[in-house]
Number of protein chains: 2
Amino acid sequence: MMETLRALAEPNRFQIVELLRKGSRPVGDLVDRLGLRQPQVSKHLRVLSDAGLVEVRVDAQRRIYTLRPAPLQELQEWVERYRQLWEGNFQRLDALLGQMKTQEKKRGRRKRQGDHR
Amino acid sequence: MMETLRALAEPNRFQIVELLRKGSRPVGDLVDRLGLRQPQVSKHLRVLSDAGLVEVRVDAQRRIYTLRPAPLQELQEWVERYRQLWEGNFQRLDALLGQMKTQEKKRGRRKRQGDHR
DNA sequence: AAGACATATTCTTCAATTGGAATATACGAT
DNA sequence: ATCGTATATTCCAATTGAAGAATATGTCTT
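Residues numbered from 1 in each chain as written. Chains lettered and ligands numbered in written order. Predicted model: local features only at pLDDT ≥ 70, side-chain atom pairs only at ≥ 80, totals over all residues. Heavy atoms only, no water.

On inspection of all chains with the given rule, the structure shows twelve salt bridges over all chains. Across the pair D29(A) and R25(A) runs a salt bridge whose closest N-O atoms are separated by 2.6 Å. Taking relative accessible area as the criterion, D29(A) reaches 2% and is therefore assigned buried. The exposure class assigned to R25(A) is buried, which follows from its relative accessible area of 8%. Residues R46(B) and D50(B) are paired through a salt bridge, measuring 3.2 Å at the closest nitrogen-oxygen approach. In this pair, R46(B) and D50(B) both sit in helix α4 (residues 38-50), four residues apart, roughly one turn of the helix. On the basis of relative accessible area, R46(B) is assigned to the exposed category, the value being 55%. Overall, the relative accessible area of 44% leaves D50(B) in the partly exposed class. One network of salt bridges, with partners in common, ties together R25(A), D29(A) and R33(A). (Salt bridge = Lys/Arg side-chain N within 4 Å of Asp/Glu carboxyl O. Buried < 20%, exposed > 50% of the residue type's maximum accessible area, 1.4 Å probe, protein only. Helix = DSSP H or I, 4+ residues; strand = E, 2+ residues; numbered from the N terminus.)

Have a look at this one:
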């Protein structure tokens, strides 16, 4: 999940993913459409590949890149858990009350964290 | 969208968002739960705030941070467009065919991109 | 008014990331 | 075998991002 987000958080990689949404493409095609140089595209594809977002199929000298569903589905499921936020009924008070209660322990915890470095 | 992704792509910020999902929290509470130092938490909150992911409510010396639905909803809608990927029927050939056709123009484009820097 | 408390900001490293240039690798065509 | 094409990799420079430490700001309590 974190790796998926980090991969997508770069504009050019995001664009690559967007392009691949419509279908697989060889590197050269992406180079043309992105206006980037070939090595950088390859590097971005490497990152996407490491994150499991794309997979390669070899076709002679061409490498055809394809989106892999899994990470995006995972992202989908993650953000789905936030649905309650915009689906109206959402109370935000519980945490505040909990916070009041934990006030006393704070000093102690903070100390422990001090030796932490 | 890009800003949302960049904000979420940092583990601590991601954690902050996760914590806020259950309800609003003051900074000190986040500090305790994350095991980070207060300034870093404030800085992360700043980034999240700039990305529109959280909003602040002032309560005396406390600042209560709350998740804002909008960016997450946007993310939800974005990833939703990729649903076709894991919903089976997905053809990946069209792009390849398109690619064949554009082959001829490639040299020209590549040249133009050369002066690009 | 003074001190404690909660939070934000600034400044300084330090590590990670990105683009650029050059080069390497591998395949296809001649 | 040689050359052209497609892609990956390496090395370097510049940038960016995050943590740490110190400090500033504002509010509450007494």
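On to the packing of aromatic side chains, then. For the structure on display, the rule yields four aromatic pairs over all chains. An aromatic cluster of at least three residues, connected via ring pairs, comprises F14(A), W78(B) and Y82(B). It is R21(A) that lies over the ring of Y82(B); its NZ or CZ is 5.4 Å from the centre. (Phe/Tyr/Trp six-rings, centres within 6.5 Å; stacked < 30°, edge-to-face > 60°. Lys NZ or Arg CZ within 6 Å of the ring centre and 35° of its normal.)

What follows deals with the sheet that holds strand β3 (residues 62-67) of chain B. All names here are of chain B. Judged by pairing direction, the sheet is antiparallel, and its three strands sit side by side in the order β1-β3-β2 without closing on themselves. In this open sheet, the two strands that pair with only one neighbour each are β1 (25-26) and β2 (54-59). Judged from the two bridges that link them, β1 and β3 form a sheet pairing that is antiparallel. By the bridge assignment for β3, P26 is matched with I64. (Pairing = 2+ DSSP bridges.)

Residue and element names in this part refer to chain A. Inspection of the sheet shows strand β2 (residues 54-59) paired to strand β3 (residues 62-67) by six bridges, in the antiparallel sense. Opposite E55, over in β3, you have T66 as the bridge partner. What sits between β2 and β3 in their antiparallel hairpin is a turn of two residues, with A60 showing a positive phi close to 60°.

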